[in-house]
Amino acid sequence: MTLVAGVDSSTQSCKVVVRDAETGALVRQGRAAHPDGTEVDPQAWWQALRQAAAQAGGLDDVAAVSVAGQQHGMVCLDDAGTAVRPALLWNDTRSARAAADLVAELGGGQAGARAWAEAVGSVPLAAFTVTKLRWLARHEPELAARVRAVCLPHDWLTWKLGGTGGVAADDTSTGDIGALRTDRGDASGTGYWSPATGEYRLDLLEHAFGRSLVVPEVLGPTGRAGELRSGVPIGPGTGDNAAAALGVGAVPGDVVVSIGTSGTVFSVADTPAADASGAVAGFADATGRFLPLVCTLNAARVLDATATMLGVDLDELARLALSAPAGADGLVVVPYLEGERTPNRPQATGSVHGLTLRTATPAHLARAAVEGLLCALADGLAALVAQGATVDRIILVGGGARSEAVRRIAPQVFGCPVRVPPPGEYVADGAARQAAWVALGGAQPPSWTIEEAPEYDATPVPAIRHRYADVRDLTASRPTV
Ligand SMILES: Nc1ncnc2c1ncn2[C@@H]1O[C@H](COP(=O)(O)OP(=O)(O)O)[C@@H](O)[C@H]1O
Ligand SMILES: O=C(CO)[C@@H](O)[C@H](O)COP(=O)(O)O
């Protein structure tokens, strides 16, 4: 049996799967937690990857490995390849002002937004690497002066894997920044690479940061980013959403909704998107196509936070939510606990509307929290459709899809059935499928057997979204500290 490994270095944890390259059958797996916070020392990801790989039985016997990772995070390296500061993650909103400035500097308002969307497929928001570079240049000039290269979490881990020769090395050594590699999917989340042309826009990077930097070479879908000491090829890897698309076998007409730390709604497309409203990011995918995507900052953690408020576990939260009526008798949770990215409200906080003696119960709050996070995703789905996506099937994945309440309430909010594949690590699976493609060759990724996903259906309840739309802008700003 030829084995391949896939890694998902996501916000909350690192997961490794080892699968049969021909059939996709799961052979081994492991996971390890990441530290909390919106800035993280990349070495923490490396240690988690080593732990997760060890738990998955190591990588000695695989024919190829690929790394998928949380998108956008800014990893800045000096001449010697040492990180000059902790990486700023996709959900760190300190660069919100920098994002607004960058739009203003390309013409401001609609014109500036359109200029960015046409140049790089997306309007920069605090999530995008380009805005983090601007923030660094303006707020930490001494550190900025030391930066020679910028890359993303999956680029850095891929480079580490090749540079140290594999996960066996307890290695804090650095490496040649000229050996950094990335792929189209993750490059498209930087804000300085164009999915439409397949070229970097280093003029925009320079504009944001004030000078040029070394950036990773962008590989095609089966390019080789390096090799383990044993000679095993390392695939190009990709961003976690592009990997999830590969992992669930998404085809045009499928819309994937992922409820992880982020909430994402995306589809596979044959043409690049360029949405000047900023709602839809015009990413590339991991197969040579495109991945228009809407991302919210508040998804599974809204469930975690509500469970904490109610003093219950996630299963009990689901039970409570399902025991309240659809629409929670008018109680609405606007879930902007971390600020929000779509809509672009980085300074917003969450809020609860519609409290009455009747709705002041744990069950109503649980239900309203689930409905609120799903309403934000339903708005994302509408934005994706407005950009031309067709919706034949909705596929629900991510840690939050393990909640029975999410699975059963989603069709009421989205207004159509959802397919929920069995609980699994679809991002790591997508990375493994890419590794299999690298190992086996061919014009398409190997066609793995993907288990039939059960369908959840329910009568749509449009009133849930109407009530949410009425109050979603009524939120307080974040307190200044
Ligand atoms: N049974 C469950 N019900 C609801 N949420 C769950 C359940 N199991 C896991 N989760 C949530 O999944 C989230 C992690 O999802 P995951 O997709 O792994 O995130 P990420 O990829 O961003 O690291 C956690 O916030 C956790 O609360
Ligand atoms: O920023 C985005 C997409 O643009 C996020 O989807 C990140 O890629 C983080 O993903 P998760 O850790 O939530 O899977």
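Small disclaimer: the values here were computed from a predicted structure and weren't measured.

Taken together, 16 residues are adjacent to ligand 1, and Q12, K15, T261, D304 and G399 come closest. One of the side-chain nitrogen or oxygen atoms of S10 is found 3.3 Å away from an oxygen atom of ligand 1. Between ligand 1 and T261, the relevant distance is 2.5 Å, taken from an oxygen atom to a side-chain nitrogen or oxygen of the residue. Here ligand 1 has 580 Å² of accessible area as a free molecule, and 81% of this is covered by the chains. For the shell around ligand 1, the secondary structure elements donating two or more residues are β2 (13–20) and α10 (300–310). Considering only residue class, the shell around ligand 1 consists of 3 nonpolar, 10 polar and 3 charged.

The subject of this paragraph is the site of ligand 2. Within the structure, ligand 2 sits among 15 residues, and T11, H72, D240, S262 and R341 are positioned closest to it. A distance of 2.4 Å separates an oxygen atom of ligand 2 from a polar side-chain atom of T11. A distance of 2.7 Å separates an oxygen atom of ligand 2 from a polar side-chain atom of R341. Here ligand 2 has 370 Å² of accessible area as a free molecule, and 96% of this is covered by the chains. For the shell around ligand 2, the secondary structure elements donating two or more residues are α9 (240–248) and β19 (290–296). Two domains share the shell around ligand 2, each providing at least three of its residues, namely domain 1 (3–248) and domain 2 (249–419 + 451–480).

Here we come to the UniProt feature "binding site: substrate" (unreviewed entry) in the protein chain. Here, the residues flagged by UniProt with the feature "binding site: substrate" (unreviewed entry) are Q71 and H72. Positionally, Q71 belongs in the loop between β5 (62–69) and β6 (75–77). Note on Q71: relative accessible area 6%, which makes it buried. Leave out the neighbours within four places in its chain, and Q71 touches W90, G185, D186, G189, G239, D240, N241, F283 and L293. You can see H72 is positioned in the loop between β5 and β6. In this structure H72 comes out as buried when scored by relative accessible area, which is 3%.

Here the distance between the centres and the angle between the planes together describe a pair of aromatic rings. For the coordinates displayed, the defined rule picks out 3 aromatic pairs. Judged by centre distance (6.4 Å) and plane angle (70 degrees), the ring pair of W45 and W156 falls under edge-to-face. One end of the pair, W45, is in helix α1 (residues 42–55); the other, W156, is in helix α6 (residues 153–164), and 111 residues separate them in sequence. Assigned by exposure class, W45 and W156 land together as buried. Ring centres of F128 and F283 lie 6.1 Å apart, and the angle between their planes is 45 degrees; on these two criteria the pair is classed as tilted. Of this pair, F128 sits in the loop between α3 (109–120) and α4 (129–139) while F283 sits in strand β18 (residues 281–284); the two residues are 155 residues apart in sequence, bridging distant segments of the chain.

All right, on to the confidence of the model for the protein chain then. The predicted model of the protein chain averages 96 in pLDDT, with 98% of residues at 70 or higher. Across the interfaces of the predicted complex, the ipTM metric reaches 0.98, alongside a pTM of 0.96.

We now examine the pattern of salt bridges. Here the structure, examined in full by the defined rule, presents 30 salt bridges. Between D8 and K15 there is a salt bridge, with the nearest N and O atoms lying 3.6 Å from each other. Take D8: its relative accessible area is 2%, and that puts it in the buried class. Residue K15 is classed as buried on the basis of its relative accessible area of 12%. A salt bridge links R319 to E316; the nearest nitrogen and oxygen atoms lie 2.8 Å apart. With R319 and E316 both in helix α11 (residues 314–323) and 3 residues apart, this pair spans about one turn of that helix. On the accessibility criterion, R319 (48% relative accessible area) is partly exposed. We classify E316 as partly exposed; its relative accessible area is 26%. Bridged by salt links that share partners, the residues D8, K15, R31, R402 and E425 form one connected network.

All right, on to the packing of α1 against α6 then. The contact between α1 and α6 brings their axes to 10 Å, and the two run at 60 degrees. Here α1 is positioned oblique relative to α6, judged by the angle of their axes. Viewed along their axes, α1 and α6 form a crossing whose handedness is right-handed. The segment α1 lies against α6, with P42, Q43, W45, W46 and L49 engaging P153, W156, L157, K160, L161 and T164.

The next thing to look at is α11. Three or more residues of α11 are buried, namely L317, A318, L320 and A321. Buried residues of α11 fall within an arc of 165 degrees about the axis and therefore sit on the same side. Buried positions along α11 lie against α10, α12 (362–386) and α13 (404–414). In this structure D313 caps α11, since a side-chain oxygen of it lies 3.3 Å from the backbone nitrogen of D315.

Before going further, it helps to spend a moment on the nonpolar core. With 88 residues, the main nonpolar core has L49, L59, L77, L133, V150, W156 and L161 as its most contacted residues. Here this core spans two domains, and each of domain 1 (3–248) and domain 2 (249–419 + 451–480) adds at least three residues to it. Formed by 49 residues, the second largest nonpolar core is a distinct cluster that contains A299, A300, A383 and V471.

Conventions we followed
Residues numbered from 1 in each chain as written. Chains lettered and ligands numbered in written order. Predicted model: local features only at pLDDT ≥ 70, side-chain atom pairs only at ≥ 80, totals over all residues. Heavy atoms only, no water. Near = heavy atom within 4 Å. Polar contact = N/O pair within 3.5 Å; in protein donor to acceptor, adjacent residues only side chain to side chain. Areas by Shrake-Rupley, 256 points an atom, 1.4 Å probe, with all protein chains shown as cover. Helix = DSSP H or I, 4+ residues; strand = E, 2+ residues; numbered from the N terminus. Nonpolar A, V, L, I, M, F, W, Y, C, P; charged D, E, K, R; others polar. Domains from an automatic or database assignment. UniProt positions renumbered as here; feature names shortened; annotations may be inferred. Buried < 20%, exposed > 50% of the residue type's maximum accessible area, 1.4 Å probe, protein only. Contact = heavy atoms within 4.5 Å. Phe/Tyr/Trp six-rings, centres within 6.5 Å; stacked < 30°, edge-to-face > 60°. pLDDT = per-residue confidence, 0-100. Salt bridge = Lys/Arg side-chain N within 4 Å of Asp/Glu carboxyl O. Axes fitted to C-alpha atoms, helices over the stretch in contact; angles between N-to-C directions. Parallel < 35°, antiparallel > 145°, perpendicular 65-115°, else oblique. Left-handed = near helix turned anticlockwise from the far one by under 90°. Arc of directions from axis to C-beta. Core = buried A, V, L, I, M, F, W, Y, C linked by side-chain atoms within 4.5 Å.

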